[in-house]
Amino acid sequence: MAEHRERHKELFGNLLLSELSNRCFPRIKSYQSIKTIDLQGVKNIDSAGIAYLAQIKATYSAIQFINGTEKIAILSALYGVDFLFTE
């Protein structure tokens, strides 16, 4: 079970510029051993949040995002990075 925790991460809260600026979310390098990121707990997201997720995927291409919200789908399509969030 511990191995599952090391390979799976859940994000919660507001993935917004203000939260990212205040370092409320982990640095990109902390995702090195992660295989899946569950986005179900993301309550709100803006372009900075999409950029944060895109940077994670660009750095660690094997990571899969799961349980993305409708807002994540809409914003990622708007910014042309929706391919990052397909399961």
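Preceding block: the structure.
What this report covers is the structure whose coordinates are included nearby.

Reading the values: the criteria
Position numbers for residues count from 1 along each chain, tracking the sequence in the order it is written. Only residues with pLDDT of at least 70 are given local features in this predicted model, and only at 80 or more are side-chain atom pairs given and counted; all residues enter the totals for whole chains, interfaces and linings. Calculation of side-chain values draws on the structure's entire complement of heavy atoms; hydrogens and water are dropped beforehand. In this description, a nonpolar core means a group of buried Ala, Val, Leu, Ile, Met, Phe, Trp, Tyr and Cys residues linked to one another through side-chain atoms lying within 4.5 Å. Only protein chains enter the calculation, and the probe is 1.4 Å; a residue is then buried if its accessible area is under 20% of its type maximum, exposed if over 50%, and partly exposed in between. Note on conventions: DSSP H or I runs of at least 4 residues are helices, E runs of at least 2 residues are strands, and numbering of each starts at the N terminus. Any two residues whose heavy atoms approach within 4.5 Å are treated as being in contact. Classification of ring pairs uses Phe, Tyr and Trp, with its six-membered ring standing for Trp, and accepts pairs whose centres are within 6.5 Å; under 30 degrees between planes counts as stacked, over 60 as edge-to-face, and the remaining range as tilted.

Details of the nonpolar core
In this structure, Y31, I37, L39, Y52, L53 and I56 are the most contacted members of the largest nonpolar core, which totals 25 residues. Within the residue set of this core, elements represented by two or more residues are β1 (8-15), β2 (36-45), α3 (47-59) and α4 (70-78). Per-element tally for this core: the top contributor is α3, with six residues. Leaving out residues up to four positions away in the same chain, L39 has contacts with L11, L53, F65, I66, N67, G68, T69, I72 and F85.

Structural notes on the environment of S21
When you line up the elements, S21 lands in helix α2 (residues 17-21). Separated by 27 residues in sequence, S21 and A48 place their C-alpha atoms 9.5 Å apart.

Remarks on the packing of aromatic side chains
Here the structure, examined in full by the defined rule, presents two aromatic pairs. Consider the rings of F25 and Y52, whose centres lie 6.2 Å apart with planes at 55°: the pair is tilted. Placement of the pair is F25 in the loop between α2 and β2 and Y52 in helix α3, with a sequence separation of 27 residues. Both residues of the pair, F25 and Y52, belong to the buried class. On the basis of an interplanar angle of 75° and a centroid distance of 6.2 Å, the ring pair of Y31 and Y52 is categorised as edge-to-face. Here the residue Y31 occupies a position in the loop between α2 and β2, and Y52 occupies one in helix α3, the gap between them amounting to 21 residues. A connected cluster of aromatic rings, assembled from ring pairs, spans F25, Y31 and Y52.

Remember, this is a structural readout, not a statement about activity or role.
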